[in-house]
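Read off the chains here:
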Amino acid sequence: MEPAAKRSRSSGMGPPSKPAEAPPSPETAAATALFPMTLDDELRAVMAMVSEYCRKDNAEIEVRLGWLVDCHSRKRIKPMWAKSSVIVTDPNVVFDARVSEQSFFKINQEMNKIVEQMGSTRGSSYKKSKTLDLFTANNDRFMLDHATHKLLSAVSKQSFQTIDIHNPRQALDLRFKAAAETPVEPPSDPTSVDFLKKVTMIRSKERRSYTVDCFTFELTTAKEYTSPVGFTSLDLSSAKKKQKLEIEVEIHIDKFKAEKVRAAAGSVEGRLRFYELCRLFIDNVRGLTETASAVVAPNLPPLKLE
């Protein structure tokens, strides 16, 4: 469950006093009245965010699929009069970055089909990975290979801006986010008891990554283990856990940055290409939410891409 960070300037909704512990009920809660937005409004908001942050050091821009949940009722919001997408910034609303098994299944199935049909065209590829993310109290993250426990990265994440969008006619809402991952000093031994005592949460992740054009679609099964007093080993067999299914899309920021630099230098072609990339970002995300909302044949297993 993610509270609001720095929000967009649009009207609307933000952080909870108590996060929802389970996926929201199929019922929905009434929320602050908001006026509908158009896809052009959404595009303008996302373009402004990408434009502002794509040239920052270590920046990353992504969108997560999930639910916007009223932190009091713990139900998915239902803004009055909202018949199409709305930007939300209400401080009584929190973003729950989980998806249902059904949505995860549908999008997994669709992405497998797309990548198999494309082969190696348009830079498409598929990768499966298993990692352990170790978080300390100051939110530094240390990523280890799941099998070997080799340290893969050590970073601290700083959030710049979020844009939350509620989709009343679809199964999932959206959170666009701009952030930076800055390298931090790595521990000499991330498996040592001295270091693990500083770790407050461990995420065991199995991730399926689909790269197409300048986007990476990531489908993650995560198990979260928490301990306010730290851990003594990476044996998590007896630890209390939560399991989450997550879907996000991350842009290949260097390609957006290159076109933005051209546009800033006066290139009309660069300006048009930057617009096209942002439009493609929105279209791809809309394709995912529509896929998650569509009815598919039951008992059809996802294609295997091991």
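Each remark here, short or long, concerns the structure printed above.
This is a predicted model, so every value here is computed, not measured.

## Side note on helix H5 (residues 268-293)
No. 1: If you check H5, its first and last C-alpha atoms are 38 Å apart, about what 26 residues at 1.5 Å a residue would give, namely 38 Å.
No. 2: Every buried residue belonging to H5 is among Gly270, Phe274, Leu277, Cys278, Phe281, Ile282, Val285, Arg286, Leu288, Thr289, Thr291 and Ala292, and all of these are buried.
No. 3: Near the N-terminus of H5, the side chain that reaches the backbone nitrogen of Glu269, with its oxygen 3.4 Å away, is that of Ser267.

## Quick look at the nonpolar core
No. 1: If you look at the biggest cluster of nonpolar residues, it comprises 50 residues, and the most contacted ones within it are Val50, Ile61, Phe176, Phe256 and Phe281.
No. 2: At eight residues, H5 tops the list of elements feeding residues into this core.
No. 3: Setting aside residues no more than four positions away along its own chain, Val50 makes contact with Ile61, Ile251, Phe256, Phe274 and Cys278.
No. 4: Core analysis: the next-biggest nonpolar cluster, separate from the first, contains 13 residues, Leu144, Phe231, Leu234 and Leu236 among them.

## A short note on the pattern of salt bridges
No. 1: Across all of its chains, the model carries 22 salt bridges by this definition.
No. 2: For Glu224, the salt bridge identified is with Arg203, shortest N-O distance 2.7 Å. Within this pair, whereas Glu224 is found in strand S11 (residues 215-226), its partner Arg203 is found in strand S10 (residues 199-212), the two being separated by 21 residues in sequence.
No. 3: For Glu224, a relative accessible area of 13% translates into the label buried.
No. 4: Accessibility expressed as a relative area gives 9% for Arg203, which makes it buried.
No. 5: The closest approach of N and O atoms between Glu276 and Arg273, which form a salt bridge, is 3.7 Å. Of this pair, Glu276 and Arg273 both sit in helix H5, separated by three residues, roughly a single helical turn.
No. 6: Connected through salt bridges with shared partners, the residues Glu60, Glu62, Arg64, Lys157, Arg207, Glu218 and Glu248 form a single ionic network.

## Concerning the pairing of strand S8 (residues 151-166)
Two faces belong to every sheet, and in a regular strand the side chains alternate between them.
No. 1: Here strand S4 (residues 86-88) pairs with S8 via three bridges, running antiparallel. Looking at the pairing, Val86 lines up with His166 of S8.
No. 2: Of the pairings in the sheet, the one linking S8 to strand S9 (residues 173-183) comprises ten bridges and is antiparallel in character. Note on S9: the bridge partner recorded for Gln161 is Ala178.
No. 3: The loop that links S8 with its antiparallel partner S9 comprises six residues.

## Section: the environment of Asp90
No. 1: Its location among the elements puts Asp90 in the loop between S4 and strand S5 (93-96).
No. 2: In this structure, the C-alpha to C-alpha distance between Asp90 and Asp70, residues 20 residues apart in sequence, is 9.3 Å.
No. 3: At a separation of 2.8 Å, a polar atom in the side chain of Asp90 contacts the main-chain amide nitrogen of Asn92.

## Structural notes on the packing of aromatic side chains
No. 1: Using the criterion set out here, one finds six aromatic pairs in the structure.
No. 2: Plain terms: the ring middles of Phe142 and Phe195 are 5.1 Å apart, the flat faces sit at 90° to each other, and that makes the pair edge-to-face. With Phe142 in strand S7 (residues 140-145) and Phe195 in helix H3 (residues 193-196), the pair connects residues that are 53 residues apart, well separated along the chain.
No. 3: Among the residues examined, Phe142 registers a relative accessible area of 4% and is labelled buried.

## So, helix H2 (residues 101-118)
No. 1: Across its 18 residues, H2 extends 26 Å between first and last C-alpha, which sits within 8% of the 26 Å expected from 1.5 Å per residue.
No. 2: When H2 is considered as a whole, its buried residues turn out to be Ser103, Phe104, Lys106, Ile107, Asn108, Gln109, Met111, Asn112, Val115 and Met118.
No. 3: Of the surrounding secondary structure, the elements contacted by the buried residues of H2 are strand S2 (59-70), strand S6 (125-136), S10, S11, strand S12 (241-251) and H5.
No. 4: Directly after H2, the chain includes Gly119, whose backbone phi takes a positive value near 65°.

Calculation rules
Residues numbered from 1 in each chain as written. Predicted model: local features only at pLDDT ≥ 70, side-chain atom pairs only at ≥ 80, totals over all residues. Heavy atoms only, no water. Helix = DSSP H or I, 4+ residues; strand = E, 2+ residues; numbered from the N terminus. Expected span 1.5 Å × (residues − 1). Buried < 20%, exposed > 50% of the residue type's maximum accessible area, 1.4 Å probe, protein only. Polar contact = N/O pair within 3.5 Å; in protein donor to acceptor, adjacent residues only side chain to side chain. Core = buried A, V, L, I, M, F, W, Y, C linked by side-chain atoms within 4.5 Å. Contact = heavy atoms within 4.5 Å. Salt bridge = Lys/Arg side-chain N within 4 Å of Asp/Glu carboxyl O. Pairing = 2+ DSSP bridges. Phe/Tyr/Trp six-rings, centres within 6.5 Å; stacked < 30°, edge-to-face > 60°.

In short, the description is geometric, and any link to function would need to be established separately.
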